[in-house]
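Given next are the chains, with one letter for each unit.
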Amino acid sequence: MRCIAFAFAGVLFSFCALNAQDDPKSLVLAKEDATYSVPNNYSPVRTVRLRFHPTEPKLIAQVSDKRLAIWDLNAKPQAAKGKKEPTVLPDYHAEQKEGWITGFDIHPSGQWLITGGSDRKLRKWAWGDKTKPLVEVDGHQGWIEAVAYSLDGKSLATAGSDLKVRLWDSDGMKSLDTYSAHAKPIRDLTWSPDGKFIYTGGEDGKIVVYELAAKKIVRTLEFGNVNEQQGQDPAQSGVFRLAISPDGKWLAAAGQNKFGLYNLQTGNLVAAENLGFDTVFYPQGRFVIAGFNDTKVMRLDPAKLEKLSLDPLGKKGKTTGPAGDTIATLKRNSGYGLAVHPNGSRVAAAVGESTVGLWTVTKK
Amino acid sequence: MVRSPLGSCNLQEHTFSRRLFLQGLAGSGLALSGFDTLFSAAHAQEVARRQKHVILVYMSGGPSQFETWDPKPGQRTSGPHMTIPTAITSVRFDEFMPNLARLANRMAVIRSMSTPSNDHVVAGLHTQSAYLPSPAIASPPHWLSICSRLLSSENSNGLPPYVTMGDDGRTFPTPGPGFLGAECQALACPGNGLPPSDLPRAGEAEIAAQDRRENLRSQLGRSFNQGRPPELVESHDVAFARMSTLMRRQVSFDITREPERLRERYGASALGKDLLLARRLIEHGVSFVRVQHQRGGAWDKHRNAFRTQRHITAEFDHCVSALVDDLIDKGLWDHTLLVCMGEFGRTPMINGQGGGGRDHWSRSWSLSLGGSGIRGGVVVGATNADGTEVRDRPVSVADLFCTFYRALGINHRRQLHFRDRPIPIVENRQGEPINELF
């Protein structure tokens, strides 16, 4: 246990040290040769979310399945059925009996995984132990749509299609608080870096800011992009993914063909582009990554952005302004999932429905 | 007040009392011959026959059997949806159907539909006409057009026998009246609980103007009609006459006259409003209603299926369960056949298209029906463990139509005639009714 604590402290220390010392002016991203694929499990399996393991060379994916897929990033690609090129195949973890895993996160120490399922259960797993969860609790009264540890790993928040957000003690998985935040299913959540606020985005097109100390919703931001989910292939409604900048000043939200950047001090929308689905902040400096088929890596200019205030419910799909200079574009070919390694060395993104690509990042 | 042919002053109460009376006769085993002066046996049968109604809730695009009536929890073919118990022991439905699960002992489910076509157009025509479309034969009528020909009620209160709602006809074609002609054509309502489009305001002046126009049309048509097939002329005249009377019956299309509590129960969705309108029309004398659930192939979930399916399934569950409860409360359930179906089901395999979904699958799929004497709580047939094949009691389209017609008191071997040519109401007179449902 002591080793775990030291390791965790080490990760936090190196993280803080990097934050303090490392402020790159630009990034260069080079696509790596290897790809990481999920083979068919009777049906094709698709990626949904990605996370790097913080201390081991492993990439974890929530996929359309009852298990998580975990790739060894040092493994050599091999021939795989249905794949034209050699690829790295995953190991599996955190299997539930029914339904699919619909949200997950890895503890900042890398010691534990948390999964939430469409079966309403929240499960805590020891990293590397596939046999059974350490803890299994009733999570929500609907699908568990998002799971996120706070940056210090002490707390856990979950969001569900039951329109509720729940806070948990991440050690014992005891429920600490519950609040209602949205009128339609919640799709994603994130913590402020200082652990004082939780941000949730939902199909209702709202972003809700909850202050833990006050135990109340302190702000609601408009994202829009709402539809009634009618017809054969309705667009994703509202917010799909949220990300917060390392300094806690900027919030990025992505939905179908819509990306918004918010100034969290003023609540103003400062940038909006036709970029879909995925967004994540680079852990050092001021870089945000967002998009789908063509994913942009953008360098923010805070001085310029702080002066802006756009209409969040402007004409649907209207481009009202970029978040910053595009310094790289990641070519993808559909598929959900985008992640940056906590030390900033690599970016992972789905490059197909069931294939993930990696980019090596050089800071300049 | 419009009086029925039997002289009742109130159609709803009248219908109810006749129903009870006929049930009483059946229950006590009394011979109808003893009541010749009141009712002849033939007359009683005719009255009972006239009272049959149908509401077809068409789930256009093909609903997934895995995410409705035949889930396969824990199997390789299952998606993220969970399952819930129903009022029938050991039978589970999709988690987003809690109300229909509660009503499972009122409705029957067929889990072993097996049909030949995976094409929307072909399967849509087949499952709504009992005929596989063929370039060699004229378009067969919709089965509700056939019902309106065979069960046309004198108690229609001036309303057309057959009404459709929400079918824009742009995505997939819906069978029309075919050789039965305009008389059996459905009156189209646009959906969302709205009355027929472009219906003139029903003031005295407008009605008088419509009557004048109709008289003029009738007079001008006399010479044109001479020498033309009388059945076609009559068919058109009937259609025009219905339009004239329809103007006087607009209140039947006004769902705002329903109690607020009931409107809330059906909900604010287009389907909820349409099903409330369907029930209201049935009460007012319309016999057959086809309601399309959302426009286009809304159940055709190839992409991003499982999350969006939650919404459409929950809406379907909410609205259809409200209809079932309402039909039961109003005493209409026993003579209203409710059918909920699409043209086929969805593949066991989950495809890889954006967000995942299921493709067309006609080999093993499900539907639900109830009312009009159909035994509730019955599950017909079964698929294998992962739903890839029918395991027990395959049901064909012909079997299904034989069942519909039996529930409506129509001889399923019956033939119609088009220019002296006999045309069976079920293709090639195939199929047998599903006896377990009666």
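Just so it is clear, the model here is predicted, and its values are computed rather than measured. Just so you know, the residues in each chain are numbered from 1, in the order the chain's sequence is written. Chains and ligands are labelled by the order in which they are written, letters from A for the one and numbers from 1 for the other. Where local features are concerned, this predicted model is filtered to residues with pLDDT of at least 70; where side-chain atom pairs are given and counted, the filter is 80 or more; whole-chain, interface and lining totals use all residues. Computation of side-chain values covers all heavy atoms of the structure but excludes hydrogens and water.

A.B. asks: How do you make sense of the nonpolar core when you look at a structure like this?
C.D. replies: For soluble globular proteins, the rule of thumb is that nonpolar side chains tend to be buried together. Residue and element names in this part refer to chain B. Nonpolar cores are built from buried Ala, Val, Leu, Ile, Met, Phe, Trp, Tyr and Cys residues. Side-chain atoms within 4.5 Å join them into one set. Each residue's exposure class comes from its accessible area (1.4 Å probe, protein chains only) as a fraction of the maximum for that residue type: buried when under 20%, exposed when over 50%, partly exposed otherwise. Among the nonpolar cores identified, the biggest contains 50 residues, and Leu275 and Leu338 are the most heavily contacted of them. Of the residues forming this core, the biggest block, 8 residues, is contributed by helix α10 (residues 305–329). Throughout, the edges of the domains are those of an automatic or database domain assignment. Formed jointly, this core draws a minimum of three residues from each of two domains, domain 1 (53–195 + 254–437) and domain 2 (197–253). By size, the runner-up hydrophobic cluster in this structure holds 48 residues, among which are Met113, Trp365, Leu400 and Tyr405. To qualify as a helix, a DSSP run of H or I must reach at least 4 residues; to qualify as a strand, a run of E must reach at least 2; elements of each kind are numbered from the N terminus.

A.B. asks: Just to check I follow, could you spell out the sheet that holds strand β28 (residues 355–363) of chain A for this structure?
C.D. replies: Sheets are built from strands paired through backbone hydrogen bonds, the pairs being either parallel or antiparallel. Residue and element names in this part refer to chain A. DSSP bridges decide pairing: two strands pair if at least two such bridges lie between them. Ordered in space as β1-β28-β27-β26, the 4 strands form an open sheet in which the pairing is antiparallel. If you trace the sheet from one side to the other, it starts and ends with β1 (27–37) and β26 (338–340), each paired once. Ignoring strand direction, the axes of neighbouring strands in this sheet form an average angle of 20°. Judged from the 5 bridges that link them, strand β27 (residues 346–350) and β28 form a sheet pairing that is antiparallel. Paired with Val347 across the bridge in β28 is Trp359. A fitted line through C-alpha atoms represents every axis, and for helices the fit uses only the stretch in contact; the resulting angles, taken between N-to-C directions, go from 0 to 180 degrees.

A.B. asks: What exactly am I supposed to notice about the layout of surface pockets here?
C.D. replies: The gaps of empty space that remain are located by a probe, the size of a water molecule, rolled over the atoms. Cavities and pockets are defined on a 1 Å grid built over the protein atoms alone: a cavity is a set of grid points where a 1.4 Å probe fits but cannot escape, while a pocket is an open set with protein on both sides within 12 Å along at least five of seven lines, and lining residues are those with an atom within 4 Å of any such point. Grid points are joined across faces, edges and corners, and a volume is the space filled by probe spheres set on the points. If you add up the space inside the second largest pocket, you get close to 480 Å³. What lines the second largest pocket is a set of 23 residues, among which Pro185(A), Glu228(A), Arg310(B), His311(B) and Ala314(B) lie closest to the centre. Residues are grouped as follows: Ala, Val, Leu, Ile, Met, Phe, Trp, Tyr, Cys and Pro are nonpolar; Asp, Glu, Lys and Arg are charged; all remaining types, including Gly, are polar. Here the lining of the second largest pocket is built from residues that sort into 7 nonpolar, 9 polar and 7 charged.

A.B. asks: Help me out: how do you make sense of empty space enclosed by the protein in this one?
C.D. replies: For the structure shown, the criterion picks out 7 cavities of 30 Å³ or more. Within this model, the largest cavity holds a volume of roughly 300 Å³. Those elements that place two or more of their residues in the lining of the largest cavity are β2 (47–52), β3 (58–63) and β6 (101–106) of chain A together with α10 of chain B. Looking at the lining of the largest cavity residue by residue, the classes come out as 10 nonpolar, 7 polar and 6 charged.

A.B. asks: Help me understand the packing of aromatic side chains in this model?
C.D. replies: To describe a pair of aromatic rings, you give the distance between the ring centres and the angle between the ring planes. Residue and element names in this part refer to chain A. Two aromatic rings, drawn from Phe, Tyr or Trp (for Trp, its six-membered ring), form a pair once their centres lie within 6.5 Å of each other, and the interplanar angle then sorts them: stacked below 30 degrees, edge-to-face above 60, tilted otherwise. A complete count under the given rule lists 17 aromatic pairs over all chains for this structure. Measuring from ring centre to ring centre gives 5.4 Å for Phe240 and Phe277, while their planes differ by 75°; the resulting arrangement is edge-to-face. In this pair, Phe240 is assigned in the loop between β17 (216–222) and β18 (241–244) and Phe277 in the loop between β21 (269–273) and β22 (278–281), connecting sequence segments 37 residues apart. Taking relative accessible area as the criterion, Phe240 reaches 3% and is therefore assigned buried. Given a relative accessible area of 6%, Phe277 falls into the buried group. Connected via pairs of aromatic rings, a cluster forms that spans Phe240, Phe277, Phe292 and Tyr336. Whether a charge sits over a ring comes down to the Lys NZ or Arg CZ being within 6 Å of the ring centre and within 35 degrees of the ring normal. If you follow Lys124 out to its NZ or CZ, it ends over the ring of Trp112, 4.7 Å from the centre.

A.B. asks: Before we go on, may I ask you to explain the side chain of Arg123(A) in this structure?
C.D. replies: Residues and elements named next belong to chain A. With respect to the element layout, Arg123 can be found in strand β8 (residues 121–126). A relative accessible area of 6% places Arg123 in the buried class. The term polar contact refers here to a pair of N or O atoms within 3.5 Å; inside protein, the definition further demands a hydrogen-donor-capable atom paired with an acceptor-capable atom, and it admits residues adjacent in sequence only when both atoms are side-chain atoms. At a separation of 3.1 Å, a polar atom in the side chain of Arg123 contacts the side chain of Gln96. Of the polar contacts made by the side chain of Arg123, one reaches the side chain of Glu136; its length is 3.0 Å. Only heavy atoms matter for contacts: two residues are in contact if any of them lie within 4.5 Å across the pair. Setting aside its immediate chain neighbours within four residues, Arg123 contacts Gln96, Leu113, Ile114, Thr115, Pro133, Val135 and Glu136.

A.B. asks: How should the sheet that holds β3(A) be read in this particular structure?
C.D. replies: Residue and element names in this part refer to chain A. Here 4 strands make up an open sheet; going across it, the order is β2-β3-β4-β5 and the pairing antiparallel. Among the strands making up the open sheet, the edge pair consists of β2 and β5 (91–93). Within this sheet the neighbouring strands show an average axis-to-axis angle of 30°, counted without direction. Pairing of β3 with strand β4 (residues 68–72) involves 5 bridges; the strand directions are antiparallel. Considered in β4, the bridge of Gln62 is made with Leu68.

A.B. asks: Even after reading the chapter, I still don't get the pattern of salt bridges, so can you show me in this structure?
C.D. replies: A side chain of one charge can pair with a side chain of the opposite charge when the charged atoms of the two come close. Residue and element names in this part refer to chain B. We define a salt bridge as a contact between a side-chain nitrogen of Lys or Arg and a carboxyl oxygen of Asp or Glu at a distance within 4 Å. On inspection of all chains with the given rule, the structure shows 44 salt bridges over all chains. Salt-bridge contacts for Glu183 lead to Arg149; the nearest nitrogen and oxygen are separated by 3.9 Å. A residue pair is termed long-range when its members are at least 10 positions apart, and Glu183 in the loop between β5 (162–165) and β6 (187–189) and Arg149 in helix α5 (residues 143–150) qualify at 34 residues. The exposure class assigned to Glu183 is partly exposed, which follows from its relative accessible area of 22%. Close ionic contact of Arg217 with Asp237 constitutes a salt bridge, the shortest N to O distance being 3.1 Å.

A.B. asks: What's the story with unusual backbone geometry in this structure? I'm lost.
C.D. replies: A negative phi holds for most residues other than glycine; trans holds for most peptide bonds. We note that Ser334(A) has phi near 65°; this positive angle belongs to a residue other than glycine. Among the secondary structure elements, Ser334(A) is positioned in the loop between β25 (324–331) and β26. On the accessibility criterion, Ser334(A) (18% relative accessible area) is buried. Even without being a glycine, Ser90(B) presents a positive backbone phi close to 70°. With respect to the helices, strands and loops of the structure, Ser90(B) is situated in the loop between β2 (83–85) and β3 (92–94).

A.B. asks: Whenever I open this one, the interface of chain A and chain B confuses me. Can you help?
C.D. replies: Many analyses report the size of an interface as the accessible area lost when the parts associate. Each side of the interface is counted separately: chain A has 28 residues, and chain B has 36 residues. Between chain A and chain B lies a buried interface of about 2,700 Å² when both sides are counted; carbon and sulfur atoms form 49% of it. Contact with chain B buries area across many residues of chain A, yet Tyr42(A), Trp143(A) and Gln232(A) alone supply 28% of it, more than any other trio. Our count for the contact surface shared by chain A and chain B stands at 5 salt bridges. In this structure, Arg303(B) engages Asp233(A) in a salt bridge whose closest nitrogen and oxygen atoms are separated by 3.3 Å. Joining chain A to chain B, the criterion identifies 15 residue pairs in polar contact (both at pLDDT 80 or more). Per-class residue counts for the side of chain A that touches chain B are 7 nonpolar, 10 polar and 11 charged. Computed with a 1.4 Å rolling probe, the buried area is the accessible surface lost when two parts are put together, summed over both parts.

A.B. asks: What should I look at first to understand the confidence of the model for chain A in this one?
C.D. replies: Any residue range with low pLDDT should be treated as having predicted coordinates unsuitable for detailed reading. Residues and elements named next belong to chain A. Summarising the model, chain A shows a mean pLDDT of 91, and 93% of its residues fall at 70 or more. In the model, residues 1–7 has pLDDT below 50 throughout and makes 2 contacts with residues more than four positions away in sequence or in other chains. For residues 9–21, every residue scores under 50 in pLDDT, and the model assigns this stretch 11 contacts once sequence neighbours within four places are set aside. Per-residue confidence from the predictor is reported as pLDDT, which spans 0 to 100.

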